[in-house]
Amino acid sequence: LAAAALWDVLGILLGGAELLFDGVKEHHVTLPSQSEPWNMKQLLVWIGQNLLKERPELFVQGDDVRPGILVLINDADWELMGQLDYELQDKDNVVFISTLHGG
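Reading guide: rules and limits
Residues numbered from 1 in each chain as written. Predicted model: local features only at pLDDT ≥ 70, side-chain atom pairs only at ≥ 80, totals over all residues. Heavy atoms only, no water. Phe/Tyr/Trp six-rings, centres within 6.5 Å; stacked < 30°, edge-to-face > 60°. Helix = DSSP H or I, 4+ residues; strand = E, 2+ residues; numbered from the N terminus. Buried < 20%, exposed > 50% of the residue type's maximum accessible area, 1.4 Å probe, protein only. Salt bridge = Lys/Arg side-chain N within 4 Å of Asp/Glu carboxyl O. 1 Å grid on protein atoms, 1.4 Å probe; cavity = no way out; pocket = protein on both sides within 12 Å on 5 of 7 lines; lining within 4 Å. Points joined across faces, edges and corners; volume = space filled by probe spheres on them.

## Focus on the packing of aromatic side chains
Under the defined criterion, the tally for this structure stands at two aromatic pairs. Considering the side-chain rings of Phe21 and Phe59, the 5.3 Å spacing of their centres and the 80° angle between planes classify their relative orientation as edge-to-face. Of the two residues, Phe21 is situated in the loop between strand E1 (7-14) and strand E2 (26-31) and Phe59 in the loop between helix H1 (40-50) and strand E3 (60-61); the sequence distance between them amounts to 38 residues. Like Phe21, the residue Phe59 is buried in the burial classification. On the basis of an interplanar angle of 65° and a centroid distance of 5.1 Å, the ring pair of Phe59 and Phe96 is categorised as edge-to-face. Pair noted here: Phe59 is in the loop between H1 and E3 and Phe96 is in strand E7 (residues 93-98), with a separation of 37 residues, a long-range link. Of the two residues examined, Phe59 and Phe96, each falls in the buried class. Through successive ring pairs, a cluster of aromatic residues spans Phe21, Phe59 and Phe96.

Written as structure tokens, this is what we have:
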């Protein structure tokens, strides 16, 4: 098997989720090459290790996004795309929208 190519992924954070990432709403990232294709589960781990700046419990819960965070992959609900098992493609757009708001 040939090594998987690098992937350029655009991550967008909305609805307050960006506050956990120093207020930055848009992240253009190039994921490192690995032998297997990247999937969403691996992307969440990578985000936690490389981008998430504070209060990870408000973004992830275990291996998954916290309930109340909607995830869109190329404008489609990730539940239709296989959620954590979705294999990322080059130039994918991944959007995280927090529906959790303080009162």
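Past the structure itself, the notes keep going.
## Re the pattern of salt bridges
According to the stated counting rule, one finds two salt bridges in the structure shown. Taking the shortest distance from any N to any O, the salt bridge between Asp63 and Lys41 comes out at 3.1 Å. Here the residue Asp63 occupies a position in the loop between E3 and strand E4 (64-65), and Lys41 occupies one in helix H1, the gap between them amounting to 22 residues. Looking at Asp63, the relative accessible area reads 47%, which means it is partly exposed. Among the ionic pairs, Glu57 bridges to Arg55, the shortest N-O distance being 3.5 Å. We classify Arg55 as partly exposed; its relative accessible area is 47%.

## Some remarks on empty space enclosed by the protein
Remark: the empty space left among the atoms is shown by a probe the size of a water molecule rolled over them. What the rule picks out here adds up to one cavity of 30 Å³ or more. For the largest cavity, the calculated volume is near 90 Å³. In terms of lining, the largest cavity is formed by 13 residues, of which the most central are Gly11, His27, Ile47, Leu51 and Phe96. The set of elements that each furnish at least two residues to the lining of the largest cavity consists of E1, E2, H1 and E7. Tallying contributions element by element places E1 first for the lining of the largest cavity, with five residues.

Worth remembering: the numbers are spatial, not functional.
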